[in-house]
Amino acid sequence: MTGLTVGVCRETAPGERRVALVPESVRPLQALGLAVAVESGAGAAARWPDEGYRRAGADIVTPDELLDRSDILVGVRPPNLPAGRRLRRGHTLIALLDPVRIPFRVRDWADAGVTSIGLDLAPEGSVLARPMDAVASQGRLAGYKAALLAADRLDRPLHATADASSRPARVVVLGADEAAQEAAATLRRLGAEVALRGREAGPLAGVDALVTTVRPRRGRPPPLLVTDRDLADMRPGSVVVDVAAGADGGNVEGVRPGCTGIAGTGVALIGAGRLPEDIPAAASRAYARNAGALLEYVVRDDGLWIDPDDPVQHAMVVTHGGLVHDRDVWRLILEQTAVAGLP
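First things first, this report covers the structure right here in the doc. Keep in mind that this is a model prediction, so the values were computed, not measured.

So, how was this worked out
- Residues numbered from 1 in each chain as written.
- Predicted model: local features only at pLDDT ≥ 70, side-chain atom pairs only at ≥ 80, totals over all residues.
- Heavy atoms only, no water.
- Helix = DSSP H or I, 4+ residues; strand = E, 2+ residues; numbered from the N terminus.
- Rg over C-alpha atoms; globule rule 2.2 N^0.38 Å.
- Buried < 20%, exposed > 50% of the residue type's maximum accessible area, 1.4 Å probe, protein only.
- Areas by Shrake-Rupley, 256 points an atom, 1.4 Å probe, with all protein chains shown as cover.
- Lys, Arg positive; Asp, Glu negative; His and termini not counted.
- Charge placed at Lys NZ, Arg CZ, Asp CG, Glu CD.
- Phe/Tyr/Trp six-rings, centres within 6.5 Å; stacked < 30°, edge-to-face > 60°.
- Polar contact = N/O pair within 3.5 Å; in protein donor to acceptor, adjacent residues only side chain to side chain.
- Contact = heavy atoms within 4.5 Å.
- Expected span 1.5 Å × (residues − 1).
- Core = buried A, V, L, I, M, F, W, Y, C linked by side-chain atoms within 4.5 Å.
- Pairing = 2+ DSSP bridges.
- Axes fitted to C-alpha atoms, helices over the stretch in contact; angles between N-to-C directions.

1. Details of the overall build of the protein chain
Counting its regular elements, the protein chain contains 10 helices and 16 strands. Taken over the C-alpha trace, the protein chain has a radius of gyration of 22 Å; the compact-globule value for 343 residues is 20 Å, and the two agree within 12%. Over its C-alpha atoms, taken along the principal directions, the protein chain stretches across nearly 65 × 55 × 35 Å. Expressed as a percentage of the 343 residues in the protein chain, the buried residues total 51%. Carbon and sulfur atoms provide 52% of the accessible area of the protein chain, an area that totals close to 15900 Å². In the protein chain, the 40 positive side-chain charges and the 43 negative ones have mean positions that sit 3 Å from each other.

2. Observations regarding the packing of aromatic side chains
Counted according to the given criterion, the structure contains 1 aromatic pair. Where Tyr297 meets Trp305, the ring centres are 5.7 Å apart and the plane angle is 50°; that geometry is what we call tilted. Judged by relative accessible area, which is 18%, Tyr297 ranks as buried.

3. Structural notes on the side chain of Asn290
If you trace the backbone, Asn290 turns up in helix H8 (residues 280-298). When its relative accessible area of 4% is taken as the criterion, Asn290 is described as buried. There is a polar contact of 2.9 Å between the side chain of Asn290 and the backbone oxygen of Pro131. A polar atom in the side chain of Asn290 sits 2.6 Å from the side chain of Ser137. With near-sequence residues (within four places) excluded, Asn290 lies in contact with Leu119, Pro131, Met132, Asp133, Ala134 and Ser137.

4. Remarks on helix H5 (residues 134-153)
The end-to-end C-alpha separation of H5 is 28 Å, in line with the 28 Å expected for 20 residues at 1.5 Å each. Regarding H5, the residues found buried are Ala134, Ala136, Ser137, Gln138, Gly139, Leu141, Ala142, Gly143, Ala146, Ala147 and Ala150. Packed against the buried residues of H5 are helix H6 (178-189), strand S9 (209-212), strand S10 (239-242) and H8. Here H5 starts with a cap whose side-chain oxygen sits 3.1 Å from the backbone nitrogen of Val135, and that cap is Asp133.

5. Observations regarding the nonpolar core
Ranked by size, the top nonpolar core spans 64 residues in total, and within it Leu119 and Met316 carry the most contacts. Per element, the largest residue contribution to this core is 8 residues, and it comes from H8. For Met316, the contacting residues outside a window of four places in its chain are Ser116, Ile117, Gly118, Leu119, Leu121, Ala122, Pro123, Met132 and Leu294. Ala142, Ala180, Ala184 and Val211 belong to the second largest nonpolar core, which has 24 residues in total.

6. What about the sheet that holds S9?
Here we have 6 strands laid out as an open sheet, ordered S8-S7-S9-S10-S12-S11, and mixed in their pairing. The sheet is open, and its two edges are formed by strand S8 (193-196) and strand S11 (260-262), each paired on a single side. Sheet twist, expressed as the mean angle between neighbouring strand axes with direction ignored, is 15°. Bridge analysis of S10 against strand S12 (residues 268-271) gives 4 bridges, and the strand direction is parallel. By the bridge assignment for S12, Val241 is matched with Ile270. Of the strands in this sheet, S9, S10, S11 and S12 are in contact with H5, which crosses S10 at around 160°. Packing against the sheet, H6 makes contact with strand S7 (170-174), S8 and S9, and its axis sits at approximately 165° to S8.

In short, the description is geometric, and any link to function would need to be established separately.
This is the structure we're talking about:
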């Protein structure tokens with residue numbers, strides 16, 4: 001038995017409604033020899049009250065108790081701790097880290113002796129890492145939700161009518177990831193005629209709906225795939241859902257994250273980069289399975305097995321043993337430190 005405690009953080013990022021573990025996750029972790037402590041209210045936004053975790057065998061604790069008691073902290077996003085509270089040496093943090101956006105927080109974790117592991121960094125194509133891949137699991141949910149958004153906003157049914165007075169809607173999905181594949185599959189089930197085009201936009205004349213899902217490369221904005229000129233070819237009343245839309249832009253020119261606008265030709269343009277948060281129960285379940293799979297991979301009878309040279313962990317471990325192991329993040333730290341003249 002490990003004698004380690006997993007702590008579940010309450011999310012504080014604006015709009016974040018997911019939780020890193022759900023009540024059904026507790027007993028499998030206990031079977032690994034782990035105790036589970038949940039910050040009070042952590043699951044409320046995803047409709048899991050404290051009592052559900054308590055019945056599953058978890059302890060409900062205050063924020064201070066969570067830091068003091070936990071050896072492993074699991075969150076959807078890295079925790080924003082109040083002044084005077086820090087992750088301590090020996091803590092292991094598991095979350096969607098997006099480390100190239102927070103290089104100096106990463107350096108602070110390394111300096112503090114914190115091990116940090118990104119569930120958004122699972123190596124693509126690895127059979128061993130597939131159960132831990134939160135980008136894939138959340139992407140599938142985003143694709144499903146994007147298809148429903150397109151169907152809801154479109155000014156006509158997706159399917160052909162029984163009296164043959166209308167044809168199936170023509171839909172293009174740009175992308176090759178799990179979000180694109182799920183969006184295409186869902187739209188086909190709803191009766192649409194769907195073309196999955198990868199990254200190539202091609203002509204959009206006659207297209208009723210467009211879904212784009214091409215994510216940015218690390219530290220870069222999403223690729224611009226659809227311009228205003230492309231949108232001008234779409235008929236008034238058609239709809240575009242950009243699943244890649246975020247603070248740095250999206251796949252579609254003029255898209256605004258979290259907003260619905262109208263392009264000049266009357267095309268509805270939806271910036272939908274945070275769709276999993278709109279279905280927090282399902283998204284939390286999927287994320288909890290990813291976190292559980294990672295813990296099952298690294299938990300041993302005598303503690304955690306952390307090895308940055310392991311093929312899976314090499315991609316996912318960002319800090320360990322006082323070092324920054326992510327080369328891109330370390331390069332950013334060196335570059336930004338040199339520019340600022342910092343030690």
